[in-house]
Amino acid sequence: METEPRLTRIYAVKTTNRAERSVADNIDKAVRDIRNTIKVMSVIAPDELKGYVLVETTEPLARVQELMEQVPSARTVLPGATSLEEVGHYLTPKPAVSGIDEGTIVELIAGPFKGEKAVVKRVDASKEEITVELYESVLPIPITVRGDHVRIIDRGEDD
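Residues numbered from 1 in each chain as written. Predicted model: local features only at pLDDT ≥ 70, side-chain atom pairs only at ≥ 80, totals over all residues. Heavy atoms only, no water.

**Q** Let's hear about the overall build of the protein chain: which residues, and what values?
**A** The number of helices and strands found in the protein chain is three helices and nine strands. When its helices and strands are written in sequence order, the protein chain yields β-α-β-β-α-β-α-β-β-β-β-β. A globule of 159 residues ought to have a C-alpha radius of gyration of about 15 Å, yet the protein chain, at 22 Å, is considerably larger. Projected onto its principal axes, the C-alpha coordinates of the protein chain cover approximately 75 × 30 × 25 Å. (Helix = DSSP H or I, 4+ residues; strand = E, 2+ residues; numbered from the N terminus. Rg over C-alpha atoms; globule rule 2.2 N^0.38 Å.)

**Q** Now, about a nonpolar patch on the surface: what can you tell me, with residues and values included?
**A** Taken together, V138, L139 and I141 make up a surface patch of nonpolar side chains, about 360 Å² in accessible area. Of note, I141 is situated in the loop between β7 (129–134) and β8 (142–146). (Patch = residues over 30% accessible without salt bridge, like charges linked within 9 Å, V, L, I, M, F, W, Y side chains within 5 Å. Areas by Shrake-Rupley, 256 points an atom, 1.4 Å probe, with all protein chains shown as cover. Salt bridge = Lys/Arg side-chain N within 4 Å of Asp/Glu carboxyl O.)

**Q** Outline the sheet that holds β8, listing residues and values.
**A** The sheet built from five strands is open, its strands ordered β8-β7-β6-β5-β9 with antiparallel pairing. Either end of the sheet is taken by a strand with one partner, and the two such strands are β8 and β9 (150–154). Mean inter-strand twist for the sheet, computed between neighbouring axes without regard to direction, equals 45°. (Pairing = 2+ DSSP bridges. Axes fitted to C-alpha atoms, helices over the stretch in contact; angles between N-to-C directions.)

**Q** Let's hear about helix α2 (residues 61–68): which residues, and what values?
**A** What α2 keeps buried is the set V64, L67 and M68. For α2, the buried positions fall inside an angular range of 100° around the axis, keeping them on one side. (Buried < 20%, exposed > 50% of the residue type's maximum accessible area, 1.4 Å probe, protein only. Arc of directions from axis to C-beta.)

**Q** Describe the packing of aromatic side chains, naming the residues involved and giving the relevant values.
**A** The tally for this structure, following the rule as stated, stands at zero aromatic pairs. Seen from the ring of Y52, K14 lies directly overhead, with NZ or CZ sitting 5.1 Å from the centre. (Phe/Tyr/Trp six-rings, centres within 6.5 Å; stacked < 30°, edge-to-face > 60°. Lys NZ or Arg CZ within 6 Å of the ring centre and 35° of its normal.)

**Q** Tell me about the nonpolar core, and please be specific about residues and values.
**A** The biggest cluster of nonpolar side chains holds 18 residues, and the ones touching the most others in it are V23, I27, V53, V55, L67, M68 and V71. Elements with a contribution of two residues or more to this core: β1 (9–15), α1 (20–32), β3 (52–57), α2 and β4 (74–77). Ranked by residues supplied to this core, first place goes to α1 with four residues. Those residues in contact with V71 that lie beyond four places of it in its chain are V23, N26, I27 and A30. In this structure, I100, V120, I130 and I143 belong to the second largest nonpolar core, which totals 12 residues. (Core = buried A, V, L, I, M, F, W, Y, C linked by side-chain atoms within 4.5 Å. Contact = heavy atoms within 4.5 Å.)

**Q** Break down the pattern of salt bridges for me, citing the residues and quoting the values.
**A** For the structure shown, the criterion picks out six salt bridges. Put simply, D148 and R146 hold a salt bridge, and the shortest N to O gap is 2.7 Å. By sharing partners, the salt bridges in this structure join E59, R63 and E66 into a single network.

**Q** Summarise the sheet that holds strand β2 (residues 40–44); cite the residues concerned and give the values.
**A** The sheet built from four strands is open, its strands ordered β2-β3-β1-β4 with antiparallel pairing. The two strands at the open ends of the sheet, each matched to only one other strand, are β2 and β4. On average, adjacent strands in this sheet sit at an angle of 30° to one another, irrespective of strand direction. Of the strands in this sheet, β1, β2, β3 and β4 touch α1, which is tilted by about 25° from β3. Contacts between α2 and the sheet are confined to β1, β2, β3 and β4, with β4 contributing the most and set at about 175° to the helix.

Have a look at this one:
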């Protein structure tokens, strides 16, 4: 008995704020339940897409809505499916140093200098590291930190 291939659809599920990861985990648990007959291929909770989780399935919208009724913090399924081309950019992570240039003023948010302000002197995108000099320091000592250990305060436009 041969069945025709079913098209996969990607639905956006609206979630409670900051509950995207737990909703994705709960969708996984609901799908793995032996009583469940709704098939889900993947669940994506991209950091850049606040308040939404993407669900890839062959099921129609009504079946996905039925599944979401079992998932805490899942609000609603947006009507209409999206394509892989539209959400593909969420699948490739952005480098931690994107948006950081030389001269940018940052605050260190981790490590021994946590809370200190610094000026970016060099960006190494391949290693995702930046070299900074602390503002309050008497001697300008360069410190190399990971790009995700800083928060941008000011872009530091040239005078």
